[in-house]
Amino acid sequence: MIPAVNDKVLENARAALPASVVEFIDKVNQGERPSSHLIAVLHKVQEELGFLPRESMDAVAQLMQVPTAKVTGVASFYHHFSFVPKGKYIISVCTGTACYVKGAEEVIDKFKEELGINLGETTADGLFTLEDTRCLGACALAPVVKVGDDIHASMTADKVPGIIERYMNLAD
Amino acid sequence: MSQILNAYQSLRDAAEGSKERVDFDQVICIQVGSATCENAAGANDVAEEFRKHIAATKRDDIVIKRVGCTGRCSCEPIVSIRMPGKDMVTYQKVNGDSAHKIFVEHVLEGKIVDELQMQCPTCQSVPMDNRLSDAQQHLQGQEVTDKFLSLYGNLPVYAKQARIALRNAGVTTPLDLNEYIRNLGFSSLAKVLENDSPAWVIAEMNASKLKGRGGAGFPIGKKWGFALTNEEKIRYMVCNADEGDPGAFMDRSMLESDPFSVIEGMIIAGFTIGAQQGYVYIRAEYPLAIERLEKAIAICRENNLLGKNILGSEYSFDIELRLGAGAFVCGEETALIHSIEGERGQPRVKPPFPAVSGLWGKPTIINNVETLANVPAVIAMGGAEFAKVGTELSGGTKVFALAGKITNTGLIEVPMGTTLREIIEEIGGGVPNGKKLKAVQTGGPAGGFIPADALDTVVDYNTLAAAGSIMGSGGMIVLDEDDCMVDVAKFYLTFSQDESCGKCTPCREGTKRMLEILERMTAGKGTMEDIDNLERLAKLVQKASLCGLGKAAPNPILSSLKHFREEFVAHVQDKTCAAKKCKALLRYEIDSDKCIGCTACAKKCPVACIKGERKEPHVIDQDTCIKCGQCFSVCRFGAVKKV
Ligand SMILES: Cc1cc2nc3c(=O)[nH]c(=O)nc-3n(C[C@H](O)[C@H](O)[C@H](O)COP(=O)(O)O)c2cc1C
Ligand code: SF4
Ligand code: SF4
Ligand code: SF4
Ligand code: FES
Ligand code: FES
């Protein structure tokens, strides 16, 4: 059982989160060991909002009845979670071993040059975020770049400008 | 008949008579893969193409069947045609055009399209007569493993392989429970529940010589036995599907292609150790595997294969998924347990081992995906028969993800005891572009390198360790003469340093210091002393770190120092990188004999440091050059050289 807390606080917390997340938290609170679902809850928040805003982590802490420090502690431990908003298209260049030995670095350098940003940064227009990622499981098609949900196989530096242009056109 | 066998028999009867069953004697079946790798290569589009063709003919005796992955990544998308009474024919790299040709000529007219058939990686020939290896002949006599061979056995690429863990991959439709059951699925579980003796299961596991496929190679029977020595009655069974080695994709492919095998293995394990609840810890980067596993679990619940009183027995067990969030260290058992509990995934000191105190302080057994996929096969064949494939010490096979500088990248499964030469040369088709093999890397960031002259090493836990590497979870990366060992060692260390959880000093600080040394070396600023310091530090971190990540992080360094010390020396003493990989140690120069003065390089150079008149040899100003390599890529006359 969750101990009674200030209703107003809970109400605010519910309002600060997407409905699907609140629903999920309500469900796990009914079961055993609700706090073991914290990572799953953070996944859902990030899925909905694109990142983990401060207020949403406070709200998760309230609704799951765990200290805020624990929520931020867990969120900051895992690479997957982000505290800053990301671009419309996330460009993830695979730097797993197979992609590395087949030239992923040159591909990253080219993206950096073309977009004028470093890894982990987002372009000023909010269109692209450049990231490196570990093995996408398509090693045979290395080097591999994922843009949004699309996988681009056998990448080379030369293909980079074309790919950026394609998504810029899509965004228009 | 007992209640359990009755329950199993009615599942089996339902499976045999299922309405959706494809009658291969009556219809023409077009098989298309459906795993992530295959979809990335365009399998969904190809399937759609065939669907349109079938619709246009309005024939109801032609069907499409989506199967799992056969592991031939470099040949994807793969399409196989099964005509009544004929051997299956497999085509490679199918696209819209070739799909049309295959449909018209093969499906409609019955003429095999020779030039599109899947070819042998080494001899480039197409299917040959069955020439089965000893291991294959043995597996052909086993009902649980004979399907793959009967379909694909005539393809030369599988000649050296043996499929046990991947017995259904590329054969069944991943979420078709009935088909899984027709292939002996859940018969092992029924047998185990009927026998009702954990000791018997453990004896079978011991006889099978099955060892953990997650890397450490601990004997399964022995591990499961630990849980039984504990008084505590609440116990947990965990499947480790974190697959952290970057460059490995065995577990993903297995979960996407045949989720029921892993679930069945997990229930058998759960029964043996007396667990009431199971968890699959799976990395979030595998959306399709997660989706299939969730669906497969739901299907099992609907059919009384999970939940209360499984198959009418006294045994109740259920499985929940828990998602990782991108932390390699969470593959380590104690870190994984913390992560399932919803905490930061930091390891803790062992003992106590998880088998004594794991999830929520209760006895917990953790096994890898591939280990669990083997379990039903052990029971179906009997441990002793299973052990006939493999070596004296280790029974069965190992799945490897073959990638890097190799012609046939993909997923392979070979009997323990296969040589690396057979894998690289015969299955993998060797190193492409006429380059020379340098080394084979196994075990990922925790592993090491096996140099080209030790290619006759056989695959087994002890032999790979003796050669200075480890079995690992199955990543196998082939390196050629263009790869620099110092650079590759740095790559792995960058990974380990980034993934170090920071809890203990030797790993947190040690990996940083080692990385600094390697960075100095590749930047041309290293000294001979650095090599000694690196080696000393590596041994220290190996000894003093708290968990397996830190203990193993120095392995790639020590292994490359052992086999390729001269490359380190060349980097620090002569300031040269023979592979021409380390930018700081190379220069770009233009060969005035070859340069025709086309100006392409000068136009491309970002810092405008290439000078020369049109139609005259060009020259690079070395002081300004930033070594971006663009001139090298753009010159079509081979005039720009790395020296
Ligand atoms: C840093 C680190 C990462 C690991 N990653 C994995 C992994 O991704 N998958 C896995 O099955 N085992 C991994 N292991 C090994 C597991 O801790 C454990 O030994 C294994 O899951 C046991 O299963 P098995 O006996 O079936 O091999 C890792 C170990 C360490 C130290
Ligand atoms: S060895 Fe590394 S990963 Fe393991 S506990 Fe220590 S710091 Fe963390
Ligand atoms: S691109 Fe090659 S041939 Fe053309 S000017 Fe440069 S070096 Fe000479
Ligand atoms: S390597 Fe780059 S900077 Fe140097 S000369 Fe060539 S193009 Fe110019
Ligand atoms: S290493 Fe890049 S997809 Fe696996
Ligand atoms: S084709 Fe499935 S792993 Fe590559």
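Residues numbered from 1 in each chain as written. Chains lettered and ligands numbered in written order. Predicted model: local features only at pLDDT ≥ 70, side-chain atom pairs only at ≥ 80, totals over all residues. Heavy atoms only, no water.

### Some details on the sheet that holds strand β3 (residues 79-82) of chain B
Adjacent strands of a sheet pair through backbone hydrogen bonds, lying either parallel or antiparallel. All names here are of chain B. Here we have four strands laid out as an open sheet, ordered β2-β1-β3-β4, and mixed in their pairing. Two strands close off the open sheet at either side, each with one partner strand: β2 (62-67) and β4 (89-91). Across the sheet, the mean angle separating the axes of adjacent strands is 20° when strand polarity is ignored. Note: β3 against β4, three bridges, orientation antiparallel. Bridged to I81 within β4 is V89. The strands touched by helix α3 (residues 43-57) are β1 (28-33), β2 and β3; relative to β2, the strand with the most contacts, the crossing angle is about 165°. (Pairing = 2+ DSSP bridges. Helix = DSSP H or I, 4+ residues; strand = E, 2+ residues; numbered from the N terminus. Axes fitted to C-alpha atoms, helices over the stretch in contact; angles between N-to-C directions. Contact = heavy atoms within 4.5 Å.)

### Some points on the site of ligand 4
Taken together, 13 residues sit near ligand 4, with C605(B), C625(B), C628(B), G629(B) and C631(B) positioned nearest. When the residues that make up the shell around ligand 4 are grouped by side-chain class, the tally is eleven nonpolar, one polar and one charged. (Near = heavy atom within 4 Å. Nonpolar A, V, L, I, M, F, W, Y, C, P; charged D, E, K, R; others polar.)

### Structural notes on the pattern of salt bridges
Residue and element names in this part refer to chain B. Summed over all chains, the structure comprises 46 salt bridges over all chains. Where R587 meets E589, a salt bridge forms, and the shortest distance between an N and an O atom there is 2.4 Å. Taking relative accessible area as the criterion, E589 reaches 31% and is therefore assigned partly exposed. Residues participating in the shared-partner salt-bridge network are R508, E509, K512, R513 and E516. (Salt bridge = Lys/Arg side-chain N within 4 Å of Asp/Glu carboxyl O. Buried < 20%, exposed > 50% of the residue type's maximum accessible area, 1.4 Å probe, protein only.)

### Quick word on the site of ligand 2
Close contacts around ligand 2 come from 13 residues, with C501(B), K503(B), C504(B), C507(B) and C547(B) the closest. Looking at the shell around ligand 2 residue by residue, the class counts come to eight nonpolar, four polar and one charged.

### Comments concerning the nonpolar core
The biggest cluster of nonpolar side chains holds 106 residues, and the ones touching the most others in it are F186(B) and W224(B). Of the residues forming this core, the biggest block, nine residues, is contributed by helix α12 (residues 259-273) of chain B. Those residues in contact with W224(B) that lie beyond four places of it in its chain are V201(B), I202(B), M205(B), A269(B), T272(B), I273(B), I365(B), N367(B) and V375(B). Judged by nonpolar contacts, the second largest core, of 44 residues, contains V28(A), Y78(A), V238(B) and L359(B). (Core = buried A, V, L, I, M, F, W, Y, C linked by side-chain atoms within 4.5 Å.)

### So, helix α13 (residues 287-302) of chain B
All names here are of chain B. Between its first and last C-alpha atoms α13 spans 23 Å; for 16 residues at 1.5 Å apiece the expected length is 22 Å, and the two agree. All of the buried residues in α13 are L288, A289, I290, R292, L293, A296, I297, I299 and C300. Each element contacted by the buried residues of α13 is listed here: α2 (36-40), α7 (177-182), α11 (250-257), α12, β6 (277-282) and β7 (318-323). Just downstream of α13, N304 is the residue with a positive phi angle, here 60°. (Expected span 1.5 Å × (residues − 1).)

### Here we look at the sheet that holds strand β13 (residues 475-480) of chain B
Residues and elements named next belong to chain B. Taken together, the five strands give an open sheet; going across it, the order is β10-β9-β13-β11-β12, and neighbouring strands pair in mixed fashion. Each edge of the open sheet is held by one strand with a lone partner, namely β10 (410-415) and β12 (448-451). Strand after strand, the sheet turns through a mean of 30° between neighbouring axes, direction not considered. Of the pairings in the sheet, the one linking strand β11 (residues 437-442) to β13 comprises five bridges and is antiparallel in character. Looking across to β13, one finds that A439 is bridged to L479. Set on the sheet, α11 makes contact with β9 (397-404), β10 and β13; between it and β9 the angle comes to about 115°.

### Section: helix α4 (residues 54-64) of chain A
All names here are of chain A. S56, M57, A59, V60, A61, L63 and M64 are the residues of α4 that are buried. Of the surrounding secondary structure, the elements contacted by the buried residues of α4 are α1 (7-16), α2 (19-30), α3 (38-49) and α5 (68-77). The positive-phi residue at the C-terminal boundary of α4 is Q65, with phi of around 55°.

### Considerations on the interface of chain B and chain A
Listed per partner, the contact involves 47 residues of chain B and 32 residues of chain A. Among the residues chain B hides against chain A, the three largest losses belong to A325(B), R344(B) and F491(B). Together they make up 17% of the total. Across the contact surface, chain B and chain A share four salt bridges. Measuring nitrogen to oxygen at the nearest pair gives 3.9 Å for the salt bridge that ties D109(A) to K583(B). Summed over the shared surface of chain B and chain A, the result is 17 residue pairs in polar contact (both at pLDDT 80 or more). Secondary structure elements with two or more residues in the side of chain B that touches chain A: α2, β7, α14 (333-340), β9, β13 and α19 (485-499) of chain B. Considering each element in turn, the side of chain B that touches chain A owes the most residues, six residues, to α19(B). (Buried area = accessible area lost by both parts, 1.4 Å probe. Polar contact = N/O pair within 3.5 Å; in protein donor to acceptor, adjacent residues only side chain to side chain.)

### Let's talk about the packing of helix α9 (residues 198-208) of chain B against helix α15 (residues 369-381) of chain B
Residue and element names in this part refer to chain B. Closest axis-to-axis distance for the α9/α15 pair is 10 Å, and the angle between their directions is 100°. Relative to α15, the element α9 lies roughly perpendicular. Along the contact surface, α9 presents W200, V201, E204, M205 and S208, while α15 presents V375, V378 and I379. Broken down by class, the residue content of the contact of α9 with α15 amounts to six nonpolar, one polar and one charged. (Parallel < 35°, antiparallel > 145°, perpendicular 65-115°, else oblique.)

### As for the side chain of D487(B)
As for its placement among the helices and strands, D487(B) is situated in helix α19. Nearest to the buried, unbridged D487(B) among oppositely charged side chains is K490(B), at 4.4 Å. Looking at D487(B), its side chain comes within polar contact range of the side chain of Y100(A), at 2.8 Å. When near neighbours in sequence (up to four residues on either side) are disregarded, D487(B) contacts Y100(A), T522(B), K581(B) and C582(B). (Lys, Arg positive; Asp, Glu negative; His and termini not counted.)

### As for the domain arrangement of chain B
Quoted interface sizes are often the accessible area lost when the parts come together. Residues and elements named next belong to chain B. Each domain of chain B was delimited in the assignment, giving domain 1 (20-67 + 79-117), domain 2 (177-386), domain 3 (485-574) and domain 4 (587-642). In this structure, domain 1 and domain 2 have C-alpha centres spaced 35 Å apart. Listed as interface residues are seven residues of domain 1 and, on the opposing side, six residues of domain 2. Of the roughly 590 Å² buried between domain 1 and domain 2 on both sides combined, carbon and sulfur atoms contribute 38%. The interface formed by domain 1 and domain 2 holds one salt bridge in total. Here E179 ties to K65 by a salt bridge, and the two come within 2.7 Å at their closest N and O atoms. The interface formed by domain 1 and domain 2 contains three residue pairs in polar contact (both at pLDDT 80 or more). (Domains from an automatic or database assignment.)

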